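# Summary of the model geometry
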Amino acid sequence: MEEESMEEEGGGGGCEAMMDDQNHNNWGAGGYGRHLLGPAAAPLGDRLLCGAAGGLGPAGPPAAPQLPMAPEANGVLRSCDPAGTAGKGGAGAIAAAININASTSKFLMNVITIEDYKSTYWPKLDSAIDQLLTQSPGDYIPISYEQIYSCVYKCVCQQHSEQMYSDLIKKITNHLERVSKELQASPPDLYIERFNVALGQYMGALQSIVPLFIYMNKFYIETKLNRDLKDDLIKLFTDHVAEKHIYNLMPLLLEAQSTPFQITPSTMANIVKGLYTLRPEWVQLAPALFSKFIPNILPPAVESELQEYAAQDQKLQRDLMQNGFTRGDQSRKRAGEELTYNGSSACASSRGYR
């Protein structure tokens, strides 16, 4: 019985020594531990071997007893010694190095090369942008916003922001140049309406394009270019469409203003407000026209010009009546109660009694 127990003890020690020798040889052959940890990795094998041999070092007093090893989830032995994680060549440092290497390998497997970007990711974005730029208000677009958002996010994380921004600007520029050519070929009676459609369609598309590229805007355009994506895209429409047509458009707008309801009031309002958004300096081309839709364009009213304001209102009423607009049911009005403008005193007395 004693011999059997001795054999069992000897066998157990031999297995432990073989395990330590194998671990030591694996680390030494690959040079992995020394490559990551430098000179501190060399004494590690000696410490493990000394622990297996009974704690006797190659020279000097016996080494301190080794604490038991606990298996990691990935099969690497982890020391229970707190000093092992203190950067002194312990098994904890090696385990951390292995985990870092595993994370690096996993990251490298998901790398998006420039070829991947051009062949896989940008075509998806290109198709979605096409549909957004050409959609009509209320149309259903069969695209996945989540997929497009994810493509942008991945490309930004893989350092393709600069290329993606360049492709986006080039894509929208080409679209706007086609729009400008179509407007140039439009007859005068359709020019205003088509410009309104182009402006509304583009501004509506920006409401989807800008949020989809929010990561590129935040981590590239705002950070490195010190600009904003929406401002850049609005400037593209200004440079490639509005600026080329403003001097043909303004005379038509002024002519339409002089003829009531030649175009719908909503169309006139959309164009005037849109032009003001694109470039506020264009107010100087027609201040009176812009003042009808944009507040605080003209200087404030003064009392000395009340007669002129009253004359303008009377002219507007006559124009409306000549175009078939009645003043409504007048049967319950008392005789002589027609609206008249007899100066500021009459207006003031009228307001005072009502």
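Everything below is about the structure shown above.
Note that the coordinates shown come from a computational prediction; the quantities given were computed from them, not determined experimentally.

Moving on to the packing of aromatic side chains. One pass over the structure, following the stated rule, counts seven aromatic pairs. Aromatic pair Y153 and Y215: ring centres 4.9 Å apart, planes at 70°, arrangement edge-to-face. On the criterion of sequence distance, the pair formed by Y153 in helix 6 (residues 145-157) and Y215 in helix 9 (residues 214-225) is long-range, its members being 62 residues apart. Since its relative accessible area comes to 26%, Y215 is described here as partly exposed.

In this structure, the largest pocket occupies an estimated 1000 Å³ of space. Q257, A288, K292, Q312 and L316 are the residues nearest the centre of the largest pocket, which is lined by 29 residues in total. Elements represented by at least two residues in the lining of the largest pocket include exactly helix 10 (229-258), helix 11 (265-278), helix 12 (287-291) and helix 13 (306-322). For the lining of the largest pocket, the element with the most residues is helix 13, which contributes eight residues. Here the lining of the largest pocket is composed, by residue class, of 16 nonpolar, seven polar and six charged.

Turning next to the packing of helix 7 (residues 161-184) against helix 8 (residues 188-212). Helix 8 packs onto helix 7 with a crossing angle of 165° between their chain directions and a minimal axis gap of 10 Å. Compared by their axis directions, helix 7 and helix 8 come out roughly antiparallel. Crossing handedness for the pair helix 7 and helix 8: right-handed. Every residue of helix 8 that contacts helix 7 at L168, I172, L176, V179 and L183 is listed here: Y191, R194, F195, A198, Y202 and I209.

Conventions used here
- Residues numbered from 1 in each chain as written.
- Predicted model: local features only at pLDDT ≥ 70, side-chain atom pairs only at ≥ 80, totals over all residues.
- Heavy atoms only, no water.
- Phe/Tyr/Trp six-rings, centres within 6.5 Å; stacked < 30°, edge-to-face > 60°.
- Helix = DSSP H or I, 4+ residues; strand = E, 2+ residues; numbered from the N terminus.
- Buried < 20%, exposed > 50% of the residue type's maximum accessible area, 1.4 Å probe, protein only.
- 1 Å grid on protein atoms, 1.4 Å probe; cavity = no way out; pocket = protein on both sides within 12 Å on 5 of 7 lines; lining within 4 Å.
- Points joined across faces, edges and corners; volume = space filled by probe spheres on them.
- Nonpolar A, V, L, I, M, F, W, Y, C, P; charged D, E, K, R; others polar.
- Axes fitted to C-alpha atoms, helices over the stretch in contact; angles between N-to-C directions.
- Parallel < 35°, antiparallel > 145°, perpendicular 65-115°, else oblique.
- Left-handed = near helix turned anticlockwise from the far one by under 90°.
- Contact = heavy atoms within 4.5 Å.

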